[in-house]
Protein chains: 2
Amino acid sequence: MSDERSLSPAELAAWRAVVESSQRLLTRIEDELRAASGLSLADYHVLVRLSEAPDRRLRMGDLAAKLIFAPSRLTYHIGTMEKRGLVARQPCPADRRGSEAVLTDAGLAALRAAAPEHLLSVRRHLVDDLDEADLAALTRIFTRIDERLTAARAESR
Amino acid sequence: MSDERSLSPAELAAWRAVVESSQRLLTRIEDELRAASGLSLADYHVLVRLSEAPDRRLRMGDLAAKLIFAPSRLTYHIGTMEKRGLVARQPCPADRRGSEAVLTDAGLAALRAAAPEHLLSVRRHLVDDLDEADLAALTRIFTRIDERLTAARAESR
DNA sequence: ACGCGGTATTTCAAATCTGAACAACCGCGC
DNA sequence: GCGCGGTTGTTCAGATTTGAAATACCGCGT
């Protein structure tokens, strides 16, 4: 707290630990997911979001927001998943500008096939290291950060 | 803890919170860094690592390990930074296979110019939300994850 | 009904990232 | 001293990601 233009060693250590470890964690878990299922983490997240959506479908924009993807990235990504038969793209009936991504049966099957190993992977590399208090702290901390970020984004419009 | 092949709702919530919020946090902080200084977060991290190294220089391999970059990515990235005059590349005297990345005066100046705003940004979006206990918890948790990952990597060789 | 500012998505080119294959070199053991 | 397995970086081609510009459409106000 000494200088507001800087960070204390403890603050810097926390920031660095988060940046580096989360990077390493994601990389590792993605590697394992890829090896076990052929899906990237992005593929997996697309499948999860669609599987949770009513009627297994979402507007491109909504899906992009949930995944934190730039619009053009989602267009491209859904394109590759469509080629593999994991999702389908359909024009949105209510709004002719829009389109929806729909989870196919094959996509749902791929998700179900990949999930157990993947969750095991998450458990092995993250959850098993944490006790209940850690878990709660992580959830609370990151949820709060997210809320603040979303609020800050709303302001800067 | 019910099924070892799955995750409890609390565990899943923690995992999702970490993945999404850290993603959003990084994106946001990178945007601000870019807007204020023209540096990407990767640029900034390269500069930081070099500035901390003895004689302001590091072997490509060591730098790549610190940054969690694939080798070819670092080659490319140092190439772009070299064009901008932020770093220089020199053959390694002790090992003729290797090369070293060296921080230039311009690179150091760029880092010093960018740091205050960037740290403010980190403070605003992360540190200000945390009390001392949170800070310590984050550091402890992510440091432990990192140790485990590094250990696991060593095994799978 | 019409125009118009705004929104949803795609397209395009350029920048970046990845992994496999390569070239040069190290140093150990024969 | 030589050869060989292992290391260090780079190169290359292809995949992904980005941001700006284009396209098509919405719905409000007139």
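If you're wondering where the values come from, they're calculated on a predicted model, not measured in any experiment. (Residues numbered from 1 in each chain as written. Chains lettered and ligands numbered in written order. Predicted model: local features only at pLDDT ≥ 70, side-chain atom pairs only at ≥ 80, totals over all residues. Heavy atoms only, no water.)

Student: What's the story with the packing of helix H2 (residues 41–52) of chain B against helix H3 (residues 60–67) of chain B in this structure? I'm lost.
Tutor: Relative placement of two packed helices is described by the angle separating their axes and the distance separating the axes. Residue and element names in this part refer to chain B. Two elements in contact, H2 and H3, have axes whose closest approach is 10 Å; the angle formed by their N-to-C orientations is 120°. Between H2 and H3, the angle is such that the two are oblique. For the pair H2 and H3, the crossing hand works out as right-handed. Of the residues in H3, those touching H2 at His45, Val46, Arg49 and Leu50 are Leu63, Lys66 and Leu67. Along the lines of polarity and charge, the residues of the contact of H2 with H3 split into 4 nonpolar, 1 polar and 2 charged. (Axes fitted to C-alpha atoms, helices over the stretch in contact; angles between N-to-C directions. Helix = DSSP H or I, 4+ residues; strand = E, 2+ residues; numbered from the N terminus. Parallel < 35°, antiparallel > 145°, perpendicular 65-115°, else oblique. Left-handed = near helix turned anticlockwise from the far one by under 90°. Contact = heavy atoms within 4.5 Å. Nonpolar A, V, L, I, M, F, W, Y, C, P; charged D, E, K, R; others polar.)

Student: Help me understand the packing of aromatic side chains in this model?
Tutor: Describing an aromatic ring pair means giving the distance of the ring centres and the angle of the ring planes. Under the counting rule described, the total for this entry stands at 1 aromatic pair over all chains. Between A:Phe142 and B:Phe142, the aromatic rings sit 6.2 Å apart at their centres with planes inclined by 75°, giving edge-to-face as the arrangement. With A:Phe142 in helix H6 (residues 132–155) and B:Phe142 in helix H6 (residues 132–155), this residue pair bridges two chains. Note that A:Arg73 overlies the ring of A:Phe69, its terminal NZ or CZ placed 3.7 Å from the centroid. (Phe/Tyr/Trp six-rings, centres within 6.5 Å; stacked < 30°, edge-to-face > 60°. Lys NZ or Arg CZ within 6 Å of the ring centre and 35° of its normal.)

Student: Looking at this structure, how should I read the relation of the copies chain B and chain A?
Tutor: Between the two copies of the chain lies a rotation about an axis combined with a shift along it. Once turned by 180° and shifted 0.0 Å along the axis, chain B lies on chain A with an RMSD of 0.0 Å. A rotation of that kind, with that shift, is consistent with a two-fold axis. In this assembly, 100% of the residues forming the interface of chain B have copies in chain A that are likewise at the interface, indicating an isologous arrangement. (Least-squares fit on C-alpha atoms with pLDDT ≥ 70 in both.)

Student: Would you mind going over helix H1 (residues 9–37) of chain A with me for this structure?
Tutor: Here H1(A) is 29 residues long and its end C-alpha atoms lie 41 Å apart, about the 42 Å a rise of 1.5 Å per residue gives. One or two steps after H1(A), the chain reaches A:Gly38, where phi turns positive at roughly 80°. (Expected span 1.5 Å × (residues − 1).)

Student: When you look at the protein's contact with DNA strand C in this model, what are you seeing that I'm missing?
Tutor: Taken together, 17 residues sit near DNA strand C, with A:Gly61, A:Thr75, A:Arg97, B:Ser72 and B:Tyr76 positioned nearest. For DNA strand C, the backbone portion of the atoms within 4 Å of the protein, that is sugar and phosphate, comes to 66%. Separating a phosphate oxygen of DNA strand C from a backbone N or O atom of A:Gly61 is a distance of 2.5 Å. B:Arg96 has a polar backbone atom sitting 3.4 Å from a phosphate oxygen of DNA strand C. Secondary-structure elements contributing two or more residues to the surface near DNA strand C are helix H3 (60–67) and helix H4 (71–83) of chain A together with helix H4 (71–83) of chain B. At 4 residues, H4(B) tops the list of elements feeding residues into the surface near DNA strand C. Class assignment of the residues belonging to the surface near DNA strand C gives a composition of 3 nonpolar, 7 polar and 7 charged. (Near = heavy atom within 4 Å. Polar contact = N/O pair within 3.5 Å; in protein donor to acceptor, adjacent residues only side chain to side chain.)

Student: In this structure, what is going on with the UniProt feature "domain: HTH marR-type" (unreviewed entry) in chain A? I would like to understand it.
Tutor: Using the residue numbers shown here, the UniProt feature "domain: HTH marR-type" (unreviewed entry) corresponds to residues 11–147 of chain A. Across residues 11–147 of chain A one finds 71% helix and 9% strand; the C-alpha atoms that close the span lie 21 Å apart. (UniProt positions renumbered as here; feature names shortened; annotations may be inferred.)

Student: How should the protein's contact with DNA strand D be read in this particular structure?
Tutor: Near DNA strand D there are 17 residues, and of these A:Tyr76, B:Arg59, B:Gly61, B:Thr75 and B:Arg97 occur at the shortest range. Of everything in DNA strand D that lies within 4 Å of the protein, sugar and phosphate atoms constitute 66%. A:Ser72 places a side-chain nitrogen or oxygen 3.0 Å from a base oxygen of DNA strand D. Note that a phosphate oxygen of DNA strand D is positioned 3.3 Å from one of the backbone N or O atoms of A:Arg96. Listing elements by their share of the surface near DNA strand D, those giving two or more residues are H4 of chain A together with H3 and H4 of chain B. Examining the composition of the surface near DNA strand D, we find that 4 residues originate from one element, H4(A), more than from any other. Classifying every residue of the surface near DNA strand D gives 3 nonpolar, 7 polar and 7 charged.

Student: It is not clear to me how the domain arrangement of chain A should be interpreted in this structure. Could you clarify?
Tutor: Partitioning chain A into domains gives domain 1 (18–114) and domain 2 (126–157). Look at where the C-alpha atoms of domain 1 of chain A and domain 2 of chain A centre, and you get two points 22 Å apart. (Domains from an automatic or database assignment.)

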